[in-house]
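Breakdown of the fold
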Amino acid sequence: MDLKLDHYSEDDTEIVVVEGEIDVYTAPRLRELLIDLVNKGNFHLVVNMEKVEFLDSTGLGVLVGGLKRVRAHDGTLDLVCTQERILKIFRITGLTKVFGIYESVQDAIDKRKSK
Amino acid sequence: MAVTDSSAARPEYAGPAPGEAAVTAEASAVAESVEILLIEDDPQDAFLVEELLADTNLDATITWVDTLRAARDRLPGFRGCVLLDLNLPDAGGMELLREVLTTAESAAVVVLTGLNDEHEGAAAVAAGAQDYLVKGQVDGALLARSLRYSIERQRSDENARQLREAEMYARENMRLERGLLPQVLLDRSPLTHRSFYRPGRKRALVGGDFFDAVEKNGTTHVIIGDVSGHGPDEAALGVNLRIAWRALVVGGVREEELLPALEEILTTERAQDEMYATLCQVSLDTGSETLRIRLFGHPPPLVLSDGIEEVAATPRPPLGVFPDSDLSVDEWPFPRGATLLLYTDGLVDAYDGAPPDRLEVGGLRRILQDIRDRGASTVDLPERLVDEAERRNGGPLQDDVAMLLLTHGTGP
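All of the points below concern the structure found in this document.

Criteria and thresholds
- Residues numbered from 1 in each chain as written.
- Chains lettered and ligands numbered in written order.
- Predicted model: local features only at pLDDT ≥ 70, side-chain atom pairs only at ≥ 80, totals over all residues.
- Heavy atoms only, no water.
- Helix = DSSP H or I, 4+ residues; strand = E, 2+ residues; numbered from the N terminus.
- Areas by Shrake-Rupley, 256 points an atom, 1.4 Å probe, with all protein chains shown as cover.
- Axes fitted to C-alpha atoms, helices over the stretch in contact; angles between N-to-C directions.
- Left-handed = near helix turned anticlockwise from the far one by under 90°.
- Contact = heavy atoms within 4.5 Å.
- Nonpolar A, V, L, I, M, F, W, Y, C, P; charged D, E, K, R; others polar.
- Phe/Tyr/Trp six-rings, centres within 6.5 Å; stacked < 30°, edge-to-face > 60°.
- Buried < 20%, exposed > 50% of the residue type's maximum accessible area, 1.4 Å probe, protein only.
- Lys NZ or Arg CZ within 6 Å of the ring centre and 35° of its normal.
- Salt bridge = Lys/Arg side-chain N within 4 Å of Asp/Glu carboxyl O.
- Buried area = accessible area lost by both parts, 1.4 Å probe.
- Polar contact = N/O pair within 3.5 Å; in protein donor to acceptor, adjacent residues only side chain to side chain.
- Pairing = 2+ DSSP bridges.
- Core = buried A, V, L, I, M, F, W, Y, C linked by side-chain atoms within 4.5 Å.
- Arc of directions from axis to C-beta.

1. Considering the overall build of chain A
- Counting secondary structure elements, chain A contains four helices and five strands.
- Seen in sequence order, chain A has helices and strands lined up from the N terminus as β-β-α-β-α-β-α-β-α.
- A total of about 5,100 Å² of accessible surface is found on chain A, and carbon and sulfur atoms cover 48% of it.

Okay, here's the thing in structure tokens:
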């Protein structure tokens, strides 16, 4: 299974759209994209995971790494996810306490701005 | 034939020698193409090499440079044949040869020497060149043959080298696995154990799964963990963590301080900032029937008694993500006769039938139930479990699987 990546700007936020499986083979590409976006000065990221079918520990590591990078610039990395299968992975790994997880991109942006 | 400076020699190469025609016909059947990097400062010699090769059946592409400096751009990763004059304006002799051999690791190197320095050619071959040719004594057929043989020799040398490297790598993996999966220290514990490890489909990528169990001062501590990602860094960190944890336990560090100390070790020892470890630590006092469980981003253990229960411990983020001070501990009943199953996520990440469905903890529980219903003994559970997971996955699992089964006996 492949991984498709896309990104666009909206409301001072860079939205990263991920589709497919984030595993040991595909995660490096997501890592590169996140690093690239942060290096270009995007410190508020929203990763839209609605079309993600699976992520393993390497994929989680990449998201955690991205979060650490934006936090170093007082930034944010929030997730959009409503799929039970993916939410379960975040719950088991205790990462629901680390990431903001929202139902829509707009929701994620609004919540950040109201903080 | 001569890669020579003598114009008198040239007519000899104007056409193929009688013996050469046959060689040509034979070789054209194989239609080889060879990339040649000619490092030669004398334009006449360089011209001669081109002329000689033009007359052979060798389909040669020649790139000519006249200094080592110019060659340096082309040597890394070059896989053809280097024809090297050992007397260049900016380098020479064995030092020059060594640089070429180390920079162009995969190339065949044939050295060109003058008539008076033939000894240099022999020394060059001893130092790692595939062959040497004496200028003025070479014809097209000899040159072509030398190039072909040199490339063949280089290829077989490289195959042998790769084989050697693969063997060393496999031994390295074995050493790492030994470090990750130790002999547990349970002589005085009420727990008896059965451990299991099966490497994933990508054998070359040794994972960072580890476990250990140590009885100390009347309490048995057990740990299973998994460093995120695959590769030597991850496996090495797994070994570090496992040994550090054992040292902390054996050294008598208090139970509630074990994992904060381990997290500190992780954050100082990891190669990249984003590396983390999921783990589960279980502690049992001898004589007690209650487990103390600390879960850090790890899938929950299962308790097998009459039924199969998933231990409902509070999931906390993995170790090394964002160290916090949440030191709460969960308790769970563990009666004598019951068995605790600790495992790594390679098992629950297996496909359940077809993508995108994964086994998950629920699937694991169902498989276990099924295997037990068919009368499997506890000792056989790990193999049976992984076999069934592989069947559903449609082949070997992608990730490594480590499992630790601990049965609460009457014990010493």
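On we go.
2. Considerations on the packing of helix α4 (residues 93–103) of chain B against helix α5 (residues 118–126) of chain B
All names here are of chain B.
- For the pair α4 and α5, interaxial distance at closest approach is 11 Å and the crossing angle is 35 degrees. When you trace α4 past α5, the crossing you get is right-handed. Facing α4, whose interface residues are G93, M94 and L97, α5 presents E120, A123 and A124.
- Here the contact of α4 with α5 is built from residues that sort into four nonpolar, one polar and one charged.

3. Topic: the packing of aromatic side chains
- Counting across every chain of the model gives one aromatic pair over all chains.
- With 5.9 Å between their ring centres and 85 degrees between their planes, A:F90 and A:F99 make a pair best called edge-to-face.
- Residue classification places A:F99 among the buried positions, given a relative accessible area of 4%.
- In this arrangement the basic side chain of B:R358 is found over the ring face of A:F54, its NZ or CZ atom lying 3.3 Å from the centre.

4. Some thoughts on the pattern of salt bridges
Residues and elements named next belong to chain B.
- Here the structure, examined in full by the defined rule, presents 36 salt bridges over all chains.
- Close ionic contact of E105 with R161 constitutes a salt bridge, the shortest N to O distance being 3.9 Å. Taken together, the residues E105 in the loop between α4 and β4 (108–113) and R161 in helix α6 (residues 140–180) connect sequence positions 56 residues apart.
- E105 sits in the exposed class, given a relative accessible area of 52%.
- Its salt-bridge partner being R294, residue E255 comes within 2.8 Å of it at the nearest N-O pair. Here the residue E255 occupies a position in helix α8 (residues 255–269), and R294 occupies one in strand β10 (residues 290–296), the gap between them amounting to 39 residues.
- For E255, a relative accessible area of 13% gives the class buried.
- The structure contains a network of salt bridges with shared partners spanning D352, R366, E388, R391 and R392.

5. Quick notes on the interface of chain B and chain A
- Opposite the 30 residues of chain B that make contact, chain A presents 28 residues.
- In total, about 2,300 Å² of surface goes out of reach between chain B and chain A, with carbon and sulfur atoms giving 54% of it.
- As a salt-bridge pair, B:E360 and A:K88 come within 2.8 Å of each other at their nearest N and O atoms.
- Taken together, the links from chain B to chain A amount to 10 residue pairs in polar contact (both at pLDDT 80 or more).
- Secondary-structure elements contributing two or more residues to the side of chain B that touches chain A are β8 (219–230) and α9 (360–373) of chain B.
- Sort the elements by how many residues they give to the side of chain B that touches chain A and β8(B) lands first, with three residues.

6. Quick word on the sheet that holds β4(B)
Residue and element names in this part refer to chain B.
- The five strands lie next to each other as β2-β1-β3-β4-β5, forming an open sheet whose pairing is parallel. Each having just a single partner strand, β2 (59–65) and β5 (131–134) make up the two edges of the open sheet. On average, each strand axis in the sheet is inclined to that of its neighbour by 25 degrees, with strand direction left out of account.
- As paired elements, β4 and β5 share four bridges and run parallel to each other. Each residue of the ladder has a partner; that of V110, found in β5, is D131.

7. Quick look at the environment of A:D107
- Along the chain, A:D107 turns up in helix α4 (residues 105–114).
- Overall, A:D107 belongs to the partly exposed group, its relative accessible area being 25%.

8. Section: the sheet that holds strand β6 (residues 191–198) of chain B
Residues and elements named next belong to chain B.
- Pairing in this open sheet of five strands is antiparallel, and the strands run β6-β15-β14-β11-β12 from one edge to the other. The open sheet is flanked by β6 and β12 (308–310), the only strands paired with a single partner. Neighbour-to-neighbour, the strand axes of this sheet turn through a mean angle of 20 degrees, independent of strand direction.
- Looking at chain direction, β6 and strand β15 (residues 401–408) are connected through eight bridges and run antiparallel. Within β15, the residue paired with Y197 across the bridge is A402.

9. Comments concerning the pairing of strand β13 (residues 330–333) of chain B
Residue and element names in this part refer to chain B.
- Only one face of β13 is covered, namely the face carrying D330 and W332; the face carrying E331 and P333 is uncovered.
- Bridge count for β10 against β13 is four bridges, and the pairing is antiparallel. Across the sheet, T290 pairs through a bridge with P333, a residue of β13.

10. Here we look at the packing of helix α7 (residues 232–250) of chain B against α8(B)
Residue and element names in this part refer to chain B.
- Across the interface, α7 lies against α8 with an axial gap of 10 Å and an inter-helix angle of 145 degrees. With respect to the hand of their crossing, α7 and α8 are arranged in right-handed fashion. In this structure, α7 contributes L237, N240, L241, A244, W245, L248 and V249 to the contact, and α8 contributes L258, L259, A261, L262, I265, L266 and E269.
- Classifying every residue of the contact of α7 with α8 by side-chain character gives 12 nonpolar, one polar and one charged.

11. So, the environment of B:P199
- With respect to the helices and strands, B:P199 occurs in the loop between β6 and β7 (207–216).
- Judged by relative accessible area, B:P199 falls into the partly exposed class, the value being 31%.

12. Here's the deal with the nonpolar core
- B:L262 and B:L342 are the most contacted members of the largest nonpolar core, which has 49 residues in total.
- Per-element accounting of this core gives the leading share, eight residues, to α7(B).
- When sequence neighbours within four positions are dropped, the list of residues in contact with B:L262 reads B:I223, B:L241, B:A244, B:W245, B:L248, B:L279 and B:L319.
- Among the nonpolar cores identified, the runner-up in size contains 34 residues, and A:L45, A:L55, A:V70 and A:F90 belong to it.

13. Quick word on helix α3 (residues 84–92) of chain A
Residues and elements named next belong to chain A.
- Those residues of α3 lying buried are I86, L87, I89 and F90. In an axial view of α3, the angular spread of the buried residues amounts to 150 degrees, which keeps them on one side of the axis.
- Tucked inside the fold, the buried residues of α3 contact β3 (44–55), α2 (57–71), β4 (76–80) and β5 (100–102).

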